[in-house]
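Remarks on the overall topology
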Amino acid sequence: MAEKTYVLIHHDGRRVQTISYECLALAQKLSQETGASVSAVVLGNELQTLSKELTSLALEGVIVVDDQRLAEYSPEGYSESLFQLLDEDQPNLLLMGQVYQNIDLAPKLAARLKTGLVTDCIDIRLEAGELLFTRQMFRNKLNADISILSDRPWIAMVQAGAYLAENLRKGSSPIVPRTLDLSAVRFQRKSLETLEMTKKKVDLSQAEVIVGIGRGVKQQENMALVEALAQALGAEIGASRPVVDNEWLDRDRQIGSSGQNVSPKLYLAAGISGAIQHVVGIKNSGCIVAINSDQNAPIFNVATYGIVGDLVEILPELTKRLQEN
Amino acid sequence: MRIITCAKEVSSRETRYEINPEGKWIDESNISFEINECDEYALEEGLKLKEKHGGEVTILTLGRERAEKIMRKGLAMGADQGLLVLDEDSQINSPFVVASALAKALENEEFDLILTGTQSDDLGYAQTGVMLAELLGLPHATIVMQIEVDQESRTVKVLREMESGWSQWLEMPLPALLTVQAGISAIRYPSLKGIMQAKRKEIKKVELASLDLDLSALPALELRNLYAPRQDRKAELLQGDTASVVDQLLEKLKKEAKVL
């Protein structure tokens, strides 16, 4: 039987999110070796405009489940819809983006299907005829190649930026509307209000120069060094999650997957290890400078310039020289 | 309220990770272990709910004998008892298998709420909690930052984290399962009294084999290869003493990158 890959599309009701284009591009790349057809799957309500976005891609089809009961994401509605679709169509592989909504959904679906799910994939490749899923482990310090031992469909969640959407092949694909019977779904979870958590006193997305700090800053007393540097550079201060959790800075200064996305012309990362959750928020920066005492810190994989050293010594020296000029 | 909090023993944060000779796991000689970070926050939430609503907290762990240490600490913090599913040799690394074992262990237990961490610090799959909810037929929520129980209406309200600084309040009936985010509150220190009392609290032990699970029939994830990431070290590393590297950096930023 010919192989089929389905890609669950992540959207906000209006636009397809970039991560889904990345998943589609990855699926297309894999299909060059496996010969699998690639179809997009869109769940939701009033999807006409959104699904049209996908028809100009080289896909087998854009499967659309347009149902009022799916107007808002629910684990019950989405897992039942996918279960029915996958049960009927029998794809071998289901790809979706590594986003919070799918963290909520995919394990429920995989458990129901009794199939394997690999999350946080930074690569998927065919090696000696088998699919290997690569992800980080052990506090993002090591990489692991995982193989799935289960019935199909295998499910994989792909990290933002793992594969670039610019590789997407264009073409023409038909919309395939599907009607599912969701009448038996027990919607137990009710959503109440949605909040913008941060008062967003600071919009870091507009900053031209940012000093980002991480756990390596070690103590709140060292914040003064950071502030002095930021002032000398004319920079805003941002942070990775641990700094904000420690309450050294307000949450509206958090940069990363659960914070702000920034694209300054200069990003100076001090004491930041470079965990993927932070890096996704800075990858559009023009120039990244990393200062870290650990030469193996993953931040050096994304930085333009790096200094392996103690920020307690380097920041004040940098500040002094900037002030002198 | 009867609350179950799941706790996993993981290699501690300070570990200098080295790969074992087979290349399929880390070298565990000379490392220390601690409770998984998110799980500690889940336990803290459980203890807060117990303080507010009364009842008891049970710590549930799948692990080795060694894992008793983190459970004792949880008991010292205020949990009432522990249930340890002993898996001394097999070292299960598949979320579905773990979830199946935990579901089996809870087969005859009554509870209002199960709290797990969002993900583990070693494997970090972020699947076990949600899979456990599905196996037990429970509603769930993930990446939870706040929990409010209404015993009268038998419901729980949770604030869950979403991307880009957004969050959402959800409501669901009890019993339910929540996966708890790290960093959401201050973790209590066990008091001396708590430590003494913990010695007398029970940790019930159950052998994994006795749970009657056909492990080989369950979907599994095989760790084929564990390795240090290829140093795609894009960064140009500047060498020298502090004054020199700062000099070089400023020069590069002005002349090469042209950002100053």
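Residues numbered from 1 in each chain as written. Chains lettered and ligands numbered in written order. Predicted model: local features only at pLDDT ≥ 70, side-chain atom pairs only at ≥ 80, totals over all residues.

Section: the sheet that holds strand S5 (residues 115-127) of chain A
This is how it is decided: Only strands joined by at least two bridges in the DSSP assignment are considered to pair. Each helix is a run of DSSP H or I of at least 4 residues and each strand a run of E of at least 2, with the numbering of both proceeding from the N terminus. What counts as an axis is a line fitted to C-alpha atoms, over the stretch in contact for a helix, and the angles between N-to-C directions run from 0 to 180 degrees.
Pairing is mixed in the open sheet, where 10 strands are placed in the order S9(A)-S3(A)-S2(A)-S1(A)-S4(A)-S8(A)-S5(A)-S6(A)-S7(A)-S12(B). Two strands close off the open sheet at either side, each with one partner strand: strand S9 (175-177) of chain A together with strand S12 (220-227) of chain B. When the angles between neighbouring strand axes are averaged without regard to direction, this sheet yields 40°. In this structure, strand S3 (residues 61-66) of chain A lies alongside S9(A), joined through three bridges in parallel fashion. Across the sheet, A:Val64 pairs through a bridge with A:Pro177, a residue of S9(A).

Some points on unusual backbone geometry
The residue after A:Arg152, namely A:Pro153, is reached through a cis peptide bond having omega 5°. Here A:Pro153 lies in strand S8 (residues 151-158). Along the chain, B:Leu174 connects to B:Pro175 via a cis peptide bond; the corresponding omega equals 0°. Phi at A:Arg139 takes a positive value of approximately 55°, unusual for a residue other than glycine. Tracing the sequence through the fold places A:Arg139 in the loop between strand S6 (130-137) and strand S7 (142-149).

Remarks on helix H5 (residues 223-233) of chain A
Residues and elements named next belong to chain A. We apply this condition: Put simply, a residue is buried when 20 or more other C-beta atoms lie within 10 Å of its own C-beta and exposed when 12 or fewer do; between those, it is partly exposed, and each C-beta is set from the backbone. Working note: the arc is built from the helix axis to C-beta atom directions. Two residues form a contact once the distance between their C-beta atoms, set from the backbone, is within 7 Å.
Leu225, Val226, Leu229 and Ala230 are the residues of H5 that are buried. What you see down the axis of H5 is that its buried residues fit within an arc of 130°, all on one side. If you follow the buried residues of H5, they end up packed against strand S11 (209-213), strand S12 (236-239), strand S13 (266-270) and helix H8 (311-324). Taken from the residues just after H5, glycine 234 is the one with a positive phi, measuring 70°.

Here's the deal with the domain arrangement of chain B
Note the following rule: Domain segmentation is taken from an automatic or database assignment of domains.
The assigned domain composition of chain B is domain 1 (2-217) and domain 2 (234-260). Computed from C-alpha atoms alone, the centre-to-centre distance between domain 1 of chain B and domain 2 of chain B is 46 Å.

Re the packing of H8(A) against helix H6 (residues 242-256) of chain B
The following threshold applies: Geometric relationships in this document are graded by angle, where less than 35 degrees denotes roughly parallel, more than 145 denotes roughly antiparallel, 65 to 115 denotes roughly perpendicular, and other angles denote oblique. Handedness of a crossing is defined here by the sense of rotation of the near helix relative to the far one, left-handed for an anticlockwise turn of less than a right angle and right-handed for a clockwise turn.
Their axes nearest at 9 Å, the elements H8(A) and H6(B) cross at an angle of 55°. Here H8(A) lies oblique to H6(B), going by the angle between them. When you trace H8(A) past H6(B), the crossing you get is right-handed. For the pair formed by H8(A) and H6(B), the contact residues are A:Glu313, A:Ile314, A:Glu317, A:Leu318 and A:Arg321 on the first element and B:Thr242, B:Ala243, B:Val246 and B:Leu250 on the second.

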